[in-house]
Amino acid sequence: MIIVLKRGTTQEQIDAFSQQFIDHGLTVNAWHGTHETVLGLLGDTSVIDIDYVQAQPIVYKVQRVQEPYKMANRKFHPDNTVITLPGGQAIGDGSLALIAGPCSVETEEQICEVASRVKAAGAQFLRGGAFKPRTSPYSFQGLGTAGLDLLKEARAKTGLPIVTEIMSVAHLDLFQDVDIIQVGARNMQNFELLKQLGKMDKPILLKRGLANTLEEFLMSAEYIMSGGNERVILCERGIRTFETFTRNTLDISAVPILKKLSHLPVVVDPSHAAGIPWLVEPLSMAAIAAGADGLIIEVHNNPAKALSDGAQCLTPDEFDALAQKLNATHQALKAL
Ligand code: PEP
Ligand code: MN
C-alpha cells in the first residue's frame, strides 16, 4: 500500500500514523520528497482498511498495490484448487463438471425424473432449489425442507450429489446433509451467512452478485475461506447491464480473470445469464472456451409448467444433446 501524505505533515504526525501499521506487523518505509512524504507499507496489508487510511487528515492519497484478498489469491496458492466429493466427483481437476436440474424442486416425480435424465446425459451433479429467492413475495417460494427431502431422495435414486441454495443462517442445520451449498447472487454479500459457511466442512458454490465487481466477489469468497472453509467454487451467472435482450449479461471475461487472480474453480451459469433456452448452448461453449471448470444449467421435464424460471429451462432431451456437444468441445479444446 502506498500512502501520499499532505504537504506540511510533521515528523511527529508521521511517526504516530506509522506506528498503527507497525502494530499490525507491517514495515513502513518513508520517502521524503521536496514537498511530500510517501509511505510504503510492506507485509500483509489485507488487514488495513483503505477507507480508514484515506479518511485520516494527513493523507492526500492512498493506493493498494496488493489485492485485499489473500486466501483466494493465486499469488499465495499457485496450484488450482480441486473440489472432490466422497463419490469421486471433482470440480477444478481439468474435467468438465456439469451441474444440472430444475430451478426449483417441485414434486417427487419432477425431481426424480429430471435427476435420472441429466445423469444419463452425463451430468455429475444435481441442482434444485428448495428455498427460492423470488423477486415477488407472491411467487412460488420453494418447498423448503420438503424440497430438501425430495432432493435427497433423487440423490439416493441416482447417486448424484446435490447442489442447493441456502438463504438464511437460520437454515444452516437443514443443510448438513447437502453435498454442495449454493449461495445465490442476492446473498453474495450476506456476510453473516458467509461467515457461518466458513465454519462448515462442505463445498460452497458462491454466485457472483447482480452488480458486484470481481474484487468484491473474491472478497466474499475470502469471507468463507478465512473462516476455515477453503472449498469455494466461484460461479459467474451474469450481471446487470443496460441490455434488456437477455436477463443478465454474461461477463465471459470474468472466467479467465478469476482463473488468473484466484486458484478457486470457476463455473458458469448460462441459464440465469441468458434467461433464454436457445442462448444456453452458445454461452456454454463460450464458457468452456474461456476456461470454465464447469457449467450449472437449468433443466425441467415440463418447462411450460415450471413453478420458477420455466422460460430459461432446457428439456431433458435438449440437455442430453447439449451435454454431448459440450463434452466434445471440452475434449477438443483440451487437445489443442
Ligand atoms: C438459482 O440458481 O436458481 C438462482 C436463483 O440463481 P441466482 O442466485 O444466480 O439468481
Ligand atoms: Mn432459477
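The structure presented is a predicted model; accordingly, all values stated were derived computationally and were not measured.

Re the coordination of the manganese ion (ligand 2)
In step 1: The protein atoms that coordinate the manganese ion (ligand 2) are C103 (SG), H272 (NE2), E298 (OE) and D309 (OD), at distances spanning 2.0 to 2.3 Å.
In step 2: All donors of the manganese ion (ligand 2) belong to a single chain; written as a sequence motif, their spacing is C-x168-H-x25-E-x10-D. Placement of the pair is H272 in helix α8 (residues 270-274) and D309 in the loop between β14 (294-298) and α10 (316-334), with a sequence separation of 37 residues. Residue H272 shares its accessibility class with D309, and that shared class is buried.

Thoughts on the site of ligand 1
In step 1: Taken together, 13 residues form the shell around ligand 1, and within it R127, K132, A185, R186 and R237 come nearest.
In step 2: Take K132: an N or O atom from its side chain is 2.8 Å from an oxygen atom of ligand 1.
In step 3: Contact with the protein chains removes 97% of the 290 Å² of surface that ligand 1 exposes when unbound.
In step 4: By residue class, the composition of the shell around ligand 1 is 3 nonpolar, 3 polar and 7 charged.

Digging into the packing of helix α9 (residues 277-290) against α10
In step 1: Contact geometry for α9 and α10: axes closest at 10 Å, N-to-C directions at 20°. In terms of orientation, α9 and α10 fall into the roughly parallel class. Regarding α9 and α10, the two cross each other, and that crossing is right-handed. For the pair α9 and α10, the contacting residues are V280, E281, S284, M285, I288 and A289 in the first and L322, K325, L326, T329, H330 and L333 in the second.
In step 2: Its residues assigned to classes, the contact of α9 with α10 shows 7 nonpolar, 3 polar and 2 charged.

Cut-off values and rules
- Residues numbered from 1 in each chain as written.
- Chains lettered and ligands numbered in written order.
- Predicted model: local features only at pLDDT ≥ 70, side-chain atom pairs only at ≥ 80, totals over all residues.
- Heavy atoms only, no water.
- Donors = N, O, S within 2.8 Å, 3.2 Å for Na, K, Ca; no water.
- Helix = DSSP H or I, 4+ residues; strand = E, 2+ residues; numbered from the N terminus.
- Buried < 20%, exposed > 50% of the residue type's maximum accessible area, 1.4 Å probe, protein only.
- Near = heavy atom within 4 Å.
- Polar contact = N/O pair within 3.5 Å; in protein donor to acceptor, adjacent residues only side chain to side chain.
- Areas by Shrake-Rupley, 256 points an atom, 1.4 Å probe, with all protein chains shown as cover.
- Nonpolar A, V, L, I, M, F, W, Y, C, P; charged D, E, K, R; others polar.
- Axes fitted to C-alpha atoms, helices over the stretch in contact; angles between N-to-C directions.
- Parallel < 35°, antiparallel > 145°, perpendicular 65-115°, else oblique.
- Left-handed = near helix turned anticlockwise from the far one by under 90°.
- Contact = heavy atoms within 4.5 Å.

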